[in-house]
Amino acid sequence: MSDSRSPLCFHAAHALLADGWARDVRLQVQDGRITAIHTGQGAQHGDTRVGILVPGLPNLHSHAFQRGMAGLTEIGGGDGDSFWSWRELMYRFLAHLRPDAVQAIAAQAYMEMLENGFTRVGEFHYLHHDADGHAYANRAEMSTRIAAAADQTGIGLTLLPVFYAHADFGGAPPNPAQRRLIHDVDGFAQLLDAAKPALTALPDAVLGIAPHSLRAVTGEELSALLPLTDGPVHIHIAEQVREVDACLAWSGQRPVQWLYNHAPVDARWCLVHATHITDDERAAMVASQAVAGLCPITEANLGDGLFPMRAFAREGGRFGVGSDSNVLIDAAEELRLLEYGQRLTLRGRNVLAPDATRSTGRFLFEGALQGGAQALGVAAGLQVGASADLVELDAAHPALQARRDDAWLDSWVFAARNGALRSVWRHGRQCVAEGRHLQREAITTAFAAALKGVLG
Ligand SMILES: [Zn+2]
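To keep things clear, this report deals only with the structure shown in the data block. Keep in mind the model is a prediction, meaning the values are calculated, not measured.

Basis of the calculations
Residues numbered from 1 in each chain as written. Predicted model: local features only at pLDDT ≥ 70, side-chain atom pairs only at ≥ 80, totals over all residues. Heavy atoms only, no water. Helix = DSSP H or I, 4+ residues; strand = E, 2+ residues; numbered from the N terminus. Rg over C-alpha atoms; globule rule 2.2 N^0.38 Å. Buried < 20%, exposed > 50% of the residue type's maximum accessible area, 1.4 Å probe, protein only. Contact = heavy atoms within 4.5 Å. Areas by Shrake-Rupley, 256 points an atom, 1.4 Å probe, with all protein chains shown as cover. Lys, Arg positive; Asp, Glu negative; His and termini not counted. Charge placed at Lys NZ, Arg CZ, Asp CG, Glu CD. Donors = N, O, S within 2.8 Å, 3.2 Å for Na, K, Ca; no water. Tetrahedral: all angles 85-135°; square planar, octahedral: opposite > 155°, others 65-115°. Core = buried A, V, L, I, M, F, W, Y, C linked by side-chain atoms within 4.5 Å. Axes fitted to C-alpha atoms, helices over the stretch in contact; angles between N-to-C directions. Parallel < 35°, antiparallel > 145°, perpendicular 65-115°, else oblique. Left-handed = near helix turned anticlockwise from the far one by under 90°. Nonpolar A, V, L, I, M, F, W, Y, C, P; charged D, E, K, R; others polar. Pairing = 2+ DSSP bridges. Phe/Tyr/Trp six-rings, centres within 6.5 Å; stacked < 30°, edge-to-face > 60°. Lys NZ or Arg CZ within 6 Å of the ring centre and 35° of its normal.

Quick word on the overall build of the protein chain
Then, number 1: When you go through the protein chain residue by residue, the secondary structure sums to 14 helices and 17 strands.
Then, number 2: Whereas a compact globule of 456 residues would reach a radius of gyration of roughly 23 Å, the protein chain reaches 21 Å, a difference of no more than 12%.
Then, number 3: With respect to the principal axes defined by its C-alpha atoms, the protein chain has extents near 65 × 50 × 45 Å.
Then, number 4: Looking at the protein chain as a whole, 58% of its 456 residues are labelled buried.
Then, number 5: Expressed as a percentage of contacts within the protein chain between residues at least 6 apart in sequence, the contacts between residues at least 24 apart total 72%.
Then, number 6: For the protein chain, the accessible area works out to roughly 17,700 Å², and carbon and sulfur atoms hold 49% of it.
Then, number 7: On the protein chain, the mean spot of the 38 positive side-chain charges and the mean spot of the 50 negative ones are 5 Å from each other.

Rendered as structure tokens:
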């Protein structure tokens, strides 16, 4: 909904550009995209004036509907709980979701993303069919609902429809709890075609694919899926030790090892989690320029383990962050936990930034910005041609006082808690003012009603 007739201009006292911090920055925006950037210029009449401006971060991995079950799976049994028991509860929740509830829950999740630093989402979307496992009259009904939630909130959408066909390695038949997820390759190709019209209403949507995991997709199916897109390819991989052991038992190879031996993994790919990898697997990931899709909050919540981030970062590996299960949606918290997990295991401070030219907060922020944008198929950051996805830090927030440049990012990531983000524009259109989404009340009311219907 940006004005297509005349350009918008933003004036930022300070802005984080592609080559670093700059003062007195004027950004010209037309049809949602940045068309010019000038530094050292005063504000002009009619400019939208902001204090501290940074680009919005991409959230490269989300299952939006899981926002509706956040906090409902925190009760352990006598022998402890695991990813696998969490998944059983998730399937039970999923069984009751109708399209209108999916849309309302997704809108709530996307609104929270925009209020907390994310301006684009990679929706790893696997809930396709009705409760009996039949395709809806519109095969892409659920994709259409995801697109509607993106449209209502304003968030940028990279839709990654999931191909899911099997319950385990070696093409095991799916179990009944998975019936709403299942396709064969032909049906999935039809789903992709049907999803395209749903995305045309969005200004800069991207369509990719997501073979769910090596458990859910055979090698033959993976080969048949790849020609269906020239967009991003995302896959869950090596998240759990049990998954690695099962892959070894099936193939004699570890999941990431198997993938690189059987698929042309390159910079279009995002390997989500990749938690349990060897030095050789890590080297293959770095060399391929694929993005490691890290989801620190969810990986902590599910007890997955820790990705070898320091070695990967030192070797120039590409990474981004995702909110995955959406148990908590906060860009700063994802970056903070990514660093803290490494500090706790390596027993050091500032372990990820490779040198002192950039602070830890800036290294994490810019890494997640570049890798996230690559994984979601868009240009990154504040540069001409990129979407005007703009986040204003609140210069009045106590945690940001008497700071400048990288210290603003560090203080937001490590010291601010909530409330450090003031305004957000997505594709040139304001979505958040004074820390609140402009449609928060309507979105939250619909979310509450949807959850009452599902859980009440
Ligand atoms: Zn996931």
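Examining the coordination of the zinc ion
Then, number 1: Only His61 (NE2), His63 (NE2), His236 (NE2) and Asp324 (OD) from the protein coordinate the zinc ion, and they sit 2.1 to 2.6 Å from it.
Then, number 2: Coordination at the zinc ion is irregular: its four donor atoms span angles of 84 to 171° at the metal.
Then, number 3: Sequence spacing of the donor residues for the zinc ion, all on one chain, is H-x1-H-x172-H-x87-D. Of this pair, His63 sits in the loop between strand S5 (57-62) and helix H1 (83-94) while Asp324 is found in the loop between strand S13 (318-321) and helix H11 (331-346), placing the two residues 261 residues apart along the sequence.

Focus: the nonpolar core
Then, number 1: By size, the foremost hydrophobic cluster in this structure holds 126 residues, and its most contacted members are Tyr110, Leu259, Trp269, Leu271, Met285 and Trp412.
Then, number 2: When residues in this core are grouped by element, the largest group, eleven residues, is from helix H2 (residues 99-115).
Then, number 3: Residue contacts for Trp412: discarding those within four places in its chain leaves Ala332, Arg336, Phe365, Leu393, Leu400, Ala420 and Leu421.
Then, number 4: Membership of the second largest hydrophobic core comes to 15 residues, among which are Ala22, Val50, Leu53 and Leu390.

Let's talk about the packing of H2 against helix H14 (residues 440-455)
Any two packed helices are characterised by the angle at which their axes cross and by the distance between the axes.
Then, number 1: Interhelical geometry of H2 versus H14 gives an angle of 135° and a closest axis separation of 8 Å. Accordingly, the angle class assigned to the pair H2 and H14 is oblique. The handedness of the crossing between H2 and H14 comes out as left-handed. Of H14, the residues touching H2 (which contributes Ala101, Ala104, Ile105, Ala107, Gln108, Met111 and Glu115) are Arg440, Ile443, Thr444, Ala446, Phe447, Ala450, Leu451 and Val454.
Then, number 2: Looking at the contact of H2 with H14, its residues break down into eleven nonpolar, two polar and two charged.

Regarding the pairing of strand S16 (residues 429-433)
Working note: regular strand, side chains alternate between the two faces of the sheet.
Then, number 1: By the bridge criterion, three bridges tie strand S15 (residues 421-426) to S16 in an arrangement that is antiparallel. Note on S16: the bridge partner recorded for Arg426 is Arg429.
Then, number 2: Between S15 and the antiparallel strand that follows it, S16, lie two residues; His427 among them carries a positive phi value of about 50°.
Then, number 3: Summarising the sheet, S16 and strand S17 (residues 436-437) pair through two bridges and their orientation is antiparallel. From the neighbouring strand, Val432 faces S17, where its bridge partner is His437.
Then, number 4: Taking the residues between adjacent antiparallel strands as the criterion, S16 and S17 are bridged by two residues, where Glu434 takes a positive phi near 50°.

Focus on the packing of aromatic side chains
Each aromatic ring pair is characterised by the separation of its centres together with the angle its planes make.
Then, number 1: In the structure shown here, the tally under the stated rule is eleven aromatic pairs.
Then, number 2: Ring centres of Phe83 and Trp84 lie 4.7 Å apart, and the angle between their planes is 85°; on these two criteria the pair is classed as edge-to-face. Take Phe83 and Trp84: they sit in the same class, and that class is buried.
Then, number 3: Summarising the aromatic geometry, the rings of Phe319 and Phe363 are spaced 6.0 Å apart at their centres and angled 40° between planes, so their arrangement reads as tilted. Of this pair, Phe319 sits in strand S13 while Phe363 sits in helix H12 (residues 360-376), and the two are 44 residues apart along the sequence. Both residues of the pair, Phe319 and Phe363, count as buried.
Then, number 4: A network of ring pairs unites the aromatic residues Phe169, Trp250 and Trp258 as a single cluster.
Then, number 5: When the ring centre of Trp84 is taken as origin, the NZ or CZ atom of Arg242, which lies over that ring, is 4.0 Å away.

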